[in-house]
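Read off the chains here:
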Amino acid sequence: EIWIDFKAYNPAFAEKVFRTAAANGFDDSRIMVATYNVGALMWVKQNRPQVRRVMHMNIREPEPGKWTVSFTRDERHASLAAIEQLILNLKSKYGLYGINTDEDPARIDAGFIRRMHAAGLWVAIWYGNQTKAADYYLDNGCDAIVTACKRKHVRQSEPRHQDNARSVKGMPCDGKGRGIK
């Protein structure tokens, strides 16, 4: 499987990326595009419908009762439930396979993961650079951890959602993206 994150997206570049992936044995069923770029998500939905689409997002509560999410930065929402409804709307609009959000057990907890799963979404958390954080999310149903740490003494969890996606437990890391030797 391959994960593509279009930081700089344009349709010609996307086609080149998919041609390169195919030349290296990755058909569309083995590709996941995860990005903040909604133009890229829509292009993939229209041109590569078999590719799984995942939206990156940051969810924040900068002031009590004033929630923000990266795809509506200038808007304030009254609750995490309102953000969750926005996510479900995006699932429909972009045909999302899942979401990828930053770790914060106070906001993104087991209940949030369960609700996203109930809506049919795969859930990944970044950056699980602390073993404790990665274990918390994996123990509470997260489908994958995105980390900057090298994998050492890895234990893969059983697939939890939709397909054979694998997650990793026991990643030793110093919390700054450097693996502990």
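Reading the values: rules and limits
Sequence order as written defines residue numbering, which begins from 1 separately in each chain. Side-chain atom pairs in this predicted model are given and counted only at pLDDT of 80 or more, local residue features only at pLDDT of at least 70, and totals for whole chains, interfaces and linings cover all residues. Hydrogens are left out, water is left out, and the side-chain values use all remaining heavy atoms of the structure. Think of it this way: any DSSP run of H or I at least four residues long counts as a helix, any run of E at least two long counts as a strand, and we number them from the N terminus. Relative accessibility under 20% of the residue-type maximum defines a buried residue, over 50% an exposed one, and the middle range a partly exposed one, all with a 1.4 Å probe and only protein chains included. Two N or O atoms count as a polar contact when they lie within 3.5 Å, although within protein this holds only if one can serve as hydrogen donor and the other as acceptor, and sequence-adjacent residues are included solely when both atoms are side-chain atoms. Lines fitted to C-alpha atoms define the axes, with helix axes restricted to the stretch in contact, and inter-axis angles between N-to-C directions lie between 0 and 180 degrees. Put simply, angles under 35 degrees are roughly parallel, angles over 145 are roughly antiparallel, angles from 65 to 115 are roughly perpendicular, and the rest are oblique. Left-handed describes a crossing whose near helix is turned anticlockwise from the far helix through less than a right angle; right-handed describes the clockwise counterpart. Two residues form a contact once any of their heavy atoms are found within 4.5 Å. Note that Gly is not counted as nonpolar here; it falls among the polar residues with everything else outside the nonpolar set of Ala, Val, Leu, Ile, Met, Phe, Trp, Tyr, Cys and Pro and the charged set of Asp, Glu, Lys and Arg. Each residue after the first adds 1.5 Å to the expected span of a helix. Comment: arc refers to directions from the helix axis out to C-beta atoms. We call two strands paired when DSSP finds no fewer than two bridges between them. Any Lys or Arg side-chain nitrogen located within 4 Å of an Asp or Glu carboxyl oxygen qualifies as a salt bridge.

Draft legend 1. View of the side chain of Arg52. Residue placement: Arg52 occurs in strand S3 (residues 52-57). For Arg52, a relative accessible area of 10% puts it in the buried group. Within the local environment of Arg52, its side chain forms a polar contact with the side chain of Glu1, the two groups lying 2.5 Å apart.

Draft legend 2. Structural detail: the packing of helix H3 (residues 80-94) against helix H4 (residues 110-118). For the pair H3 and H4, the least separation of the axes is 11 Å and the interaxial angle reads 30°. Relative to H4, the element H3 lies roughly parallel. Handedness of the crossing formed by H3 with H4: right-handed. Mapping the contact onto sequence places Leu80, Glu84 and Ile87 in H3 and Phe112, Arg115 and Met116 in H4. Residue classes in the contact of H3 with H4 are distributed as four nonpolar, no polar and two charged.

Draft legend 3. Structural view of helix H1 (residues 11-23). Given a rise of 1.5 Å per residue, 13 residues ought to cover 18 Å, and the 18 Å separating the end C-alpha atoms of H1 matches this to within 8%. Inspection of H1 places Ala14, Val17, Phe18 and Ala21 among the buried residues, and these make up the whole buried set. Angularly, the buried residues of H1 cover 95° about the axis, an arc narrow enough to put them on a single face. Turned more than 90 degrees away from the buried face of H1 sit Ala12, Arg19 and Ala23, all of them exposed.

Draft legend 4. Inspection of the pairing of S3 at higher detail. Most of S3 sits out of view: six of its six residues are buried. Judged by which residues are buried, S3 turns out to be covered on both faces: Arg52, Val54 and His56 on one side and Arg53, Met55 and Met57 on the other are all buried. Here strand S2 (residues 31-35) runs beside S3; their pairing, made up of four bridges, is parallel. Bridged to Val33 within S3 is Arg53.

Draft legend 5. Highlighting the pattern of salt bridges. Under the definition given, this model contains eight salt bridges. For Lys7, the salt bridge goes to Asp5, with nearest N and O atoms at 2.7 Å. Here Asp102 ties to Arg60 by a salt bridge, and the two come within 2.4 Å at their closest N and O atoms. With Asp102 in strand S6 (residues 98-102) and Arg60 in strand S4 (residues 59-63), this residue pair connects regions lying 42 residues apart in the sequence. Residue classification places Asp102 among the buried residues on the basis of a relative accessible area of 8%. Members of the salt-bridge network, linked through shared partners, are Arg60, Asp102, Asp104 and Arg107.

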